[in-house]
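Chain by chain, the residues:
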Amino acid sequence: MTTSATPYTKLTIGSYTLLSRILGFLRDLIIARMFGANIGTDAFWVAFTLPNLTRRLAGEGVFSLAIVPVITANQNHNNYTVLKSFINKLVGTLIAILIPTTVLGILFASYIVTILAPGFVTEPARFALTTTMLQILMPAIACMILTACIGAILHSHQRFQIPAFTPILLNIGIISAAWWLTPYLHQPIIALAWGVLIGSGMQLALQIFALTNLKLLPKPRISFKDPKIQQTIKLLVPALISTAVTHFGLIFDAVLLSFLPIGSVSWLYYAKRLTEFPQGLLGTTIATVLLPQLATLYNSNISQAIPNSALFSKTIDHALQGAFILGIPATIGLWMLATPIISTLFYSDKFTITDINMAAASLKIYALGLPAYLSIKILAPAYYAIQDTKTSTRIALITGMCHILLGIVLIIPLAHLGLAWASTVAANIYGMLLCRGLIRDRLYKLNSSWMQLVLRVGCASACMGLFIIFGGAISVNWLEFNTIQSIKTLTVYILGSMVIYIVVLFGIGFRLQQIR
């Protein structure tokens with residue numbers, strides 16, 4: 001069975017990811033305009049920290065990193081009986097872990113909040129609100145993990161579309177709850193927690209339906225001692241650790257932000273979410289399709305000292321060049337249009353001018369880490385494709401320590417902006433260490449075309465930046481526009497920037513064939 005995705009499949013994945021990001025924007029816009037940046041939203045985003053971390057891990061294919069190589073390396077994975085038995089044991093073992101974990105999470109939610117946001121302890125109302133929402137969200141975490149597990153199984157059978165579509169349902173659940181459930185609750189913000197639970201339940205239901213169509217509906221069996229389950233766990237645990245460390249800032253930032261002024265949690269959240277649009281659209285799509293290809297290249301010549309290294313390196317290099325071509329202009333655009341984007345999306349009576357300025361300053365800093373985040377989504381799967389989890393985990397731990405130290409040092413003079421800088425610098429360190437490791441092991445070699453590519457992308461990006469400056473995007477007072485005017489004006493600048501970048505890039509000699 002081939003594990004490569006067709007061009008149509010790649011287009012479909014990208015389309016679903018784009019739709020999910022658009023709905024994510026709509027979701028955040030609704031939350032910001034309905035609730036603003038205050039005690040309630042800070043409480044929700046802290047309670048949402050663990051589900052959000054789970055969602056990110058699922059979105060970045062951590063379960064696929066562990067399950068796909070196991071199935072690919074198994075010569076008998078086309079045997080229905082063997083495959084069905086593995087799925088039954090995998091799902092059953094996972095459920096056996098999730099049920100008691102969920103119950104304990106609900107019972108000890110107040111203690112979890114104390115760890116996540118110790119600064120809330122001195123504010124009983126905010127602490128109680130956060131605890132209540134976390135109790136609602138604990139079952140959602142279990143649903144997300146099961147959804148990710150089933151999604152990995154679907155990936156191994158070239159069913160990429162359904163897993164790519166499921167994030168849309170989470171956004172639909174939150175948006176629907178915000179609109180229709182809010183009026184019936186004494187504390188309206190709690191509707192968002194119920195929306196997450198509803199959305200995660202719909203995600204799981206869709207994935208189960210997809211397995212049913214493949215005649216792989218699991219009959220859960222608990223089997224911790226099964227060799228394949230142990231192999232999967234052996235791959236999954238380091239993958240979870242190393243990938244979670246890259247997002248450890250979610251937990252670490254929540255702890256420190258709980259001591260900062262009200263609104264700080266929300267400012268950073270909205271800024272971070274805006275960088276996730278290109279990060280998710282580009283990086284996740286590339287990584288989802290890249291891992292099976294790299295795993296196949298590795299296993300096709302497993303007996304060689306350096307398995308299919310030339311093609312392995314070429315595959316990584318092409319992905320990195322593609323991410324560079326798209327990531328650099330996205331970074332410049334987000335940095336230069338930070339205030340217009342934030343004001344257009346979120347400005348309202350609830351989300352004030354102060355909120356806009358604080359969130360925009362954060363967005364500029366996060367934007368500088370976008371190329372690093374894209375490279376991580378490409379380089380990390382390479383380690384799991386060759387089942388080298390120790391190196392990637394060690395690098396992730398080093399990066400996590402850097403993030404912690406930088407956050408502690410920078411939060412004092414820069415407040416919430418210090419945490420944004422810590423995240424951005426740590427991401428760049430992580431990307432560089434991953435790349436250095438592959439080069440050292442002779443699994444990746446920089447292509448000679450990189451210098452020419454950097455010059456072309458730099459020239460095209462500079463022209464795009466000049467268009468934004470001299471077009472007046474920075475000097476315009478965006479707060480004078482109504483929402484419709486802001487959207488129209490911002491759209492003109494974004495589309496104009498894209499056209500100029502593409503025209504200049506191709507005009508100075510770039511061709512798509514150069515990265516194929």
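Values in this document were obtained by computation on a predicted structure and should not be read as measured data.

Caption draft 1: Molecular detail of the overall build of the protein chain. The helix and strand inventory of the protein chain stands at 20 helices and 0 strands. Out of the 516 residues in the protein chain, the part that is buried amounts to 56%. Excluding contacts between residues fewer than 6 apart, the proportion of contacts in the protein chain whose partners are at least 24 apart in sequence is 85%. Accessible surface computed for the protein chain: about 21800 Å², of which carbon and sulfur atoms make up 70%.

Caption draft 2: Fine view of the packing of helix 19 (residues 450–470) against helix 20 (residues 483–507). Across the interface, helix 19 lies against helix 20 with an axial gap of 8 Å and an inter-helix angle of 150°. When the axes of helix 19 and helix 20 are compared, the pair comes out roughly antiparallel. Helix 20 is crossed by helix 19, and the crossing has right-handed handedness. Seen from helix 19, the contacting residues are Arg456, Val457, Cys459, Ala460, Ser461, Cys463, Met464, Phe467 and Ile468; seen from helix 20, they are Tyr493, Gly496, Ser497, Ile500, Tyr501, Val504 and Leu505. Of the residues contributing to the contact of helix 19 with helix 20, the split by class is 12 nonpolar, 3 polar and 1 charged.

Caption draft 3: Summary view of the side chain of Asn52. Position of Asn52 among the secondary structure elements: in helix 3 (residues 49–59). A polar contact of 2.4 Å, which involves the side chain of Asn52, links it to the side chain of Arg55. Once residues within four sequence positions are removed from consideration, Asn52 is found in contact with Leu250 and Tyr269.

Caption draft 4: Representation of the pattern of salt bridges in the model. The full count for this structure, using the stated rule, is 6 salt bridges. With a closest N to O distance of 2.6 Å, Arg126 and Glu123 form a salt bridge. Take Arg126: its relative accessible area is 3%, and that puts it in the buried class. Ionic pairing is found between Arg440 and Asp441, a salt bridge with its closest N-O pair at 3.3 Å. The class of Asp441 is partly exposed, set by a relative accessible area of 32%. Several salt bridges converge on common partners, so that one network encompasses Arg27, Asp28 and Arg273.

Caption draft 5: Inspection of unusual backbone geometry at higher detail. With phi around 55°, Ala415 is a residue other than glycine that occupies positive phi space. For Ala415, the location among the structural elements is in the loop between helix 17 (389–414) and helix 18 (416–440). Look at Ala415 and you get partly exposed, because its relative accessible area is 28%.

Caption draft 6: Geometry of a nonpolar patch on the surface. A contiguous nonpolar surface patch, about 590 Å² in accessible area, is contributed by Ile97, Ile222, Phe224, Ile233, Val237, Ile241 and Leu397. Counting residues per element, the nonpolar patch draws most heavily on helix 10 (residues 227–246), at 3 residues. Within the fold, Ile233 resides in helix 10. For Ile233, a relative accessible area of 33% gives the class partly exposed.

Caption draft 7: Examining helix 9 (residues 190–213) more closely. Along its 24 residues, helix 9 runs 36 Å from first to last C-alpha, staying within 8% of the 34 Å computed at 1.5 Å per residue. A positive phi of about 60° marks Lys215, the residue just after helix 9.

Caption draft 8: Highlighting the environment of Gly40. In this fold, Gly40 is placed in helix 2 (residues 39–47). Gly40 sits in the buried class, given a relative accessible area of 13%. Put simply, Gly40 and Ile189 are 149 residues apart on the chain and 6.2 Å apart in space, counted from C-alpha to C-alpha. Setting aside residues no more than four positions away along its own chain, Gly40 makes contact with Leu129, Met133 and Ile189.

Caption draft 9: Examining the packing of aromatic side chains more closely. Per the counting criterion, the structure on display carries 16 aromatic pairs. Pairing Trp45 with Tyr270 gives two aromatic rings, centres 5.9 Å apart and planes at 85°, and the pair type is edge-to-face. Here the residue Trp45 occupies a position in helix 2, and Tyr270 occupies one in helix 12 (residues 264–300), the gap between them amounting to 225 residues. Across this residue pair, the class does not change: Trp45 and Tyr270 are buried. Positioned above the aromatic ring of Trp335, the side-chain terminus of Lys364 is 5.0 Å from the ring centre.

Caption draft 10: Representation of the packing of helix 17 against helix 18. Orientation of helix 17 relative to helix 18, taken along the N-to-C sense of each, is 155°, at an axis distance of 8 Å. With respect to their mutual orientation, helix 17 and helix 18 come out roughly antiparallel. Between helix 17 and helix 18 lies a crossing of right-handed hand. Tallied by class, the residues present in the contact of helix 17 with helix 18 amount to 18 nonpolar, 8 polar and 1 charged.

Conventions and cut-offs
Residues numbered from 1 in each chain as written. Predicted model: local features only at pLDDT ≥ 70, side-chain atom pairs only at ≥ 80, totals over all residues. Heavy atoms only, no water. Helix = DSSP H or I, 4+ residues; strand = E, 2+ residues; numbered from the N terminus. Buried < 20%, exposed > 50% of the residue type's maximum accessible area, 1.4 Å probe, protein only. Contact = heavy atoms within 4.5 Å. Areas by Shrake-Rupley, 256 points an atom, 1.4 Å probe, with all protein chains shown as cover. Axes fitted to C-alpha atoms, helices over the stretch in contact; angles between N-to-C directions. Parallel < 35°, antiparallel > 145°, perpendicular 65-115°, else oblique. Left-handed = near helix turned anticlockwise from the far one by under 90°. Nonpolar A, V, L, I, M, F, W, Y, C, P; charged D, E, K, R; others polar. Polar contact = N/O pair within 3.5 Å; in protein donor to acceptor, adjacent residues only side chain to side chain. Salt bridge = Lys/Arg side-chain N within 4 Å of Asp/Glu carboxyl O. Patch = residues over 30% accessible without salt bridge, like charges linked within 9 Å, V, L, I, M, F, W, Y side chains within 5 Å. Expected span 1.5 Å × (residues − 1). Phe/Tyr/Trp six-rings, centres within 6.5 Å; stacked < 30°, edge-to-face > 60°. Lys NZ or Arg CZ within 6 Å of the ring centre and 35° of its normal.

As far as function goes, none of this settles anything; it's purely spatial.
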